[in-house]
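Coordinate inspection notes
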Amino acid sequence: MEGQATVSARGASTQSAVVGLGLGRNAKLRTEVAARVTMTCSAGLEVVVGPETEIDLLGLLEGETRPFGLRLIDGIAGFLFSSEDGNGVQVRTPSAVAAVRSTEWAMQVENRASAIFTREGTVFVVVDDADAKLGPGEGIDVSSSGEIGSVTDWARTRIETFDALLGSEW
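We now turn to the structure provided with this report. (Residues numbered from 1 in each chain as written. Predicted model: local features only at pLDDT ≥ 70, side-chain atom pairs only at ≥ 80, totals over all residues. Heavy atoms only, no water.)

This part is about unusual backbone geometry. Here the phi dihedral of Glu 52 falls at roughly 50°; this positive angle occurs in a residue that is not glycine. Non-glycine residue Asp 128 carries a positive phi angle of around 45°. Here Asp 128 shows up in the loop between strand S12 (123-127) and strand S13 (130-134). In this structure Asp 128 comes out as exposed when scored by relative accessible area, which is 70%. (Helix = DSSP H or I, 4+ residues; strand = E, 2+ residues; numbered from the N terminus. Buried < 20%, exposed > 50% of the residue type's maximum accessible area, 1.4 Å probe, protein only.)

Right under this line is the structure:
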């Protein structure tokens, strides 16, 4: 953890995030300017939460046979799997849903629009009735109204922007 972040949950007061603090289902994590938090989850998943980000932890979706769920409300998060165990992660944003297992990827939300980038492995992005499959080096943009763009190879400068926001942990 670097910088300042807060954690809140239904029925509980907001508190400062500290190393070792467990986050339960329905917890909300908010990072401040220049802050980064790395969450260590089960099944070899690490989530790197970048600066000025708000994320909700949804826990396991519909029992243990479904993926771990998060809602990225605003900001940026990177996802790193160190194991092929587990059922993966599903991330919802205001405009898209991405689901993965055993890969390295990142997602950014800004003004309700989403940008998804895959560094390693495969990411599936779903928007209403449309979907896309991203491979290594590929990304996609989804507008705030839910219009899905084309899968493209991302330029080095765009990848470096994600890298700068997420830091060395990602």
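Let us look at the side chain of Glu 104. Of note, Glu 104 is situated in strand S10 (residues 104-110). In this structure Glu 104 comes out as buried when scored by relative accessible area, which is 17%. Each residue touching Glu 104, except ones within four places of it in the same chain, is listed here: Phe 79, Leu 80, Thr 118, Arg 119 and Glu 120. (Contact = heavy atoms within 4.5 Å.)

Another point: the packing of aromatic side chains. Summed over the entire model, instances satisfying the criterion amount to 3 aromatic pairs. Taken together, a centroid distance of 4.4 Å and an interplanar angle of 20° make the contact between Phe 79 and Trp 105 stacked. Taken as a pair, Phe 79 in strand S7 (residues 68-81) and Trp 105 in strand S10 lie far apart in primary sequence, 26 residues in all. Owing to a relative accessible area of 0%, Phe 79 belongs among the buried residues under this scheme. By relative accessible area, Trp 105 is classed as buried at 0%. Linked through ring pairs, Phe 117, Trp 154 and Phe 162 together constitute an aromatic cluster. (Phe/Tyr/Trp six-rings, centres within 6.5 Å; stacked < 30°, edge-to-face > 60°.)

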